[in-house]
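Coordinates in review
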Amino acid sequence: MSRGISLHIGLNRVDNSQYPGYTIPDLAGCINDANSMKSIAQQAGFSTMDQLLDGQATAMNVLQKINEASSQLCNGDIFLLTYSGHGSQVPDETGEEEDGMNETWVLYDRQLIDNELFSCWKKFAAGVRIFVTSDSCHSGSMVRMLLLNYMHDKNPGKRSLRKTFTESDIEIFNRQLEKHPSRSVLVGPTRKSIPIAASLQNYVRNKTLYQNIQFLTRNAKAANEFPASLIYISGCQDNQLSGDGATNGVFTGRLLEVWNNGAFTGHYKSFYDTIIADMPADQTPNYMTLGSNIAPFEAQRPFCVIGTASGTSTNATPSALPSMQAPASWNAASMPPSFQVDKAGNPQYYVEFATDNQLFDTANQESRRNSSNFYASYLDEQNGYALESGNTYTMKSYAWDALKNAPVIYFRIGSTVDYSWNGWKVSFPDDQYASAPSFQVISEAVEDSPKLDTDTGNEPISGGEESTNNRIMQSVGSGGSNQAADVRLIQQLLSQISTEDGGTPGILVDGIAGSGTIAAIKKFQKANECSPSGIFRPEKGSVILLYIKAGVATYSMRMMEEMEY
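Definitions and limits used
- Residues numbered from 1 in each chain as written.
- Predicted model: local features only at pLDDT ≥ 70, side-chain atom pairs only at ≥ 80, totals over all residues.
- Heavy atoms only, no water.
- pLDDT = per-residue confidence, 0-100.
- Contact = heavy atoms within 4.5 Å.
- Buried < 20%, exposed > 50% of the residue type's maximum accessible area, 1.4 Å probe, protein only.
- Helix = DSSP H or I, 4+ residues; strand = E, 2+ residues; numbered from the N terminus.
- Pairing = 2+ DSSP bridges.
- Axes fitted to C-alpha atoms, helices over the stretch in contact; angles between N-to-C directions.
- Core = buried A, V, L, I, M, F, W, Y, C linked by side-chain atoms within 4.5 Å.
- Parallel < 35°, antiparallel > 145°, perpendicular 65-115°, else oblique.
- Left-handed = near helix turned anticlockwise from the far one by under 90°.
- Phe/Tyr/Trp six-rings, centres within 6.5 Å; stacked < 30°, edge-to-face > 60°.

**Observations concerning the confidence of the model for the protein chain**
Here the protein chain averages 79 in pLDDT, and 75% of its residues register 70 or above. Across residues 157-162, where pLDDT falls below 50, the model places 20 contacts with residues more than four positions away in sequence or in other chains. In this model, residues 237-242 is a region of pLDDT below 50 whose contacts with residues beyond four sequence positions or in other chains number 35 contacts.

Below, the structure is given as structure tokens:
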């Protein structure tokens, strides 16, 4: 059965301290917009409906909610995202955008760059439908034209890396705006765009953060990399202004009229066509699609939760039973192992690990279970007894530490629709414990001489002492200190990243920094447009990008500021 998750963002106000010298005008209808769209989702049968309003709508909270949805939804499910608030633009210094600008949503604490959203869309599974509405605008046509002309004069080469936008650029651009006082800043209580000079100043004040976000999300808009299906309707064209209102925004108000409490019976495109028919002449909503299998999605009634599973998905027919794919072996000195999860069509699951497969026989062996021979996520007090939802599961560090001294670890997975255990499935029943899959645990051995880096057959650069830190303590790679634990960590992270993102899934995790490992480091750096030095240094440069790409760190102001080009 299809499932719907929705997120509704509404900001009548933002944190003005991020825009010193400017007053960002409050809006009146954005929270009402979020409430109205949530009511539509509730009426349509969405099972989870979240809201982020004003101070709750930080960039971290928005991205976290979207990523949570991407990990929970399966083929045939739907995600509805609605935004109402200010919009703006910031300079694109990567050379990716034809017009030299990135569109943004002005969230409470910072601007969310459009590429960040595109990066989120790529995480949704094939067959998931995504419907996004955005009641905001970026700038009026006069401001946009002035800014594009200025960016072109500053950067005549369209697709090359662009010159940095500075405080002096803001001063020059403001003088150009002053020549057009009647149209330069068309904002106020009825317009959903912040003054462009305020946006540019915010960009310059937080340049390291925004530059690195642009760098990390570069090429995120490649449509052929979207396995899901996305329909996006915005409140106006890129060069227009979107109106606010006392009750609802102009766009949202018109959408509500057309929807007519669910009386509308057409499809997505006719929904859009009917909305724009009575919109003001200076505000024409935009319609865009991305991803795979769009035609069946467009043919559906808007907000419909029930959908047909996509035939393009590798999981078009859910597996009969859930399963986990494990490495054949794992080193006891390494970080906890990760597993690829097949939930068999259910959104949530639990895992069990045992040092003896007979411990899965609950009726006869439960009394033998203890923390050093058995782990079950549904019994994990430290994790709040929570069910899991992601497509990749990584053992909890405390569970790994408790079990890793065994030569073999067996595992089992069960999946469910909810905490009431509806739709429960398990990979094998208790009495079939002999069929439990497993992986071997390799104990660390002290060698008299360095081992070969067997992924290339060449001599290693050096060995080193062990460390239990989950970040490298010393440099790894060409000319690095190459402590064994640090090297092993880098190898594991590179193995977790896809080839498209510069990873090396088949790299040997052995703690030896041979030429094969150095080549893998260079490959990652080159794929992510870093200098291919072949070395990672602690908490600097491309290793931070490695942490983020491998999913062991997320965007933060500190990490972005410490990253170097």
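**Quick look at the pairing of strand S8 (residues 229-234)**
With respect to burial, S8 is a largely interior element, six of its six residues being buried. Side chains Ser229, Ile231 and Ile233 project from S8 onto one buried face, and the interleaved Leu230, Tyr232 and Ser234 project onto a second face that is buried too. Note that S8 and strand S9 (residues 286-291) share six bridges and pair antiparallel. When the sheet's bridge partners are listed, Ile231 is paired in S9 with Thr289.

**Some thoughts on the sheet that holds strand S7 (residues 129-135)**
Read across the open sheet, the six strands follow the order S2-S1-S3-S7-S8-S9; overall the sheet is mixed. Each end of this open sheet is capped by a strand with a single partner; those strands are strand S2 (48-53) and S9. Sheet twist, expressed as the average angle between the axes of neighbouring strands with direction ignored, equals 10°. Where strand S1 (residues 4-10) meets strand S3 (residues 78-84), seven bridges bridge the pair, whose relative direction is parallel. Considered in S3, the bridge of Ile5 is made with Phe79. Relative to S7, helix H8 (residues 250-259) is tilted by about 125°, and along the sheet it contacts S7 and S8. Lying over the sheet, helix H9 (residues 268-277) contacts S3, S7, S8 and S9, oriented at roughly 160° with respect to S9.

**Some details on the nonpolar core**
Core analysis: the biggest nonpolar cluster contains 37 residues, and Ile9, Ile66, Phe79, Trp105, Trp121 and Phe124 have the highest contact counts within it. At the level of secondary structure, the elements contributing two or more residues to this core comprise S1, helix H2 (59-72), S3, strand S5 (101-106), helix H3 (114-121), S7 and S8. If you tally residues by element for this core, the top one is H2, at five residues. For Trp121, the residues in contact, after removing those within four places along its chain, are Ile66, Phe79, Leu81, Ile130, Val132, Phe226 and Leu230. Listed in part, the 24 residues of the second largest apolar core include Leu493, Ile507, Cys530 and Phe536.

**Quick word on the pairing of S7**
S7 sits mainly inside the fold: seven of its seven residues count as buried. The alternating pattern of S7 places Arg129, Phe131, Thr133 and Asp135 and Ile130, Val132 and Ser134 on opposite faces, both of which are buried. Sheet topology places S7 next to S8; six bridges connect them, and they run parallel. Considered in S8, the bridge of Ile130 is made with Leu230.

**Points about the packing of helix H1 (residues 30-44) against H8**
Running from N to C, H1 and H8 cross one another at 25°; their axes reach a closest spacing of 10 Å. The angle between H1 and H8 falls in the class roughly parallel. Along this stretch, H1 crosses H8, giving a crossing that reads as left-handed. Of H8, the residues touching H1 (which contributes Asp33, Ser36, Met37, Ile40 and Gln43) are Thr252, Leu255, Leu256 and Trp259.

**Things to note about the packing of aromatic side chains**
Enumeration according to the criterion identifies 26 aromatic pairs in this entry. Taking 4.9 Å as the distance between ring centres and 80° as the angle between the ring planes, the aromatic pair formed by Phe131 and Tyr268 counts as edge-to-face. With Phe131 in strand S7 and Tyr268 in helix H9, the pair connects residues that are 137 residues apart, well separated along the chain. For Phe131, a relative accessible area of 0% translates into the label buried. Judged by relative accessible area, Tyr268 falls into the buried class, the value being 0%. Plain terms: the ring middles of Phe131 and Phe303 are 5.4 Å apart, the flat faces sit at 55° to each other, and that makes the pair tilted. Residue Phe131 is located in strand S7, and its partner Phe303 is located in the loop between helix H10 (294-298) and strand S10 (323-325); the two are separated by 172 residues in the primary sequence.

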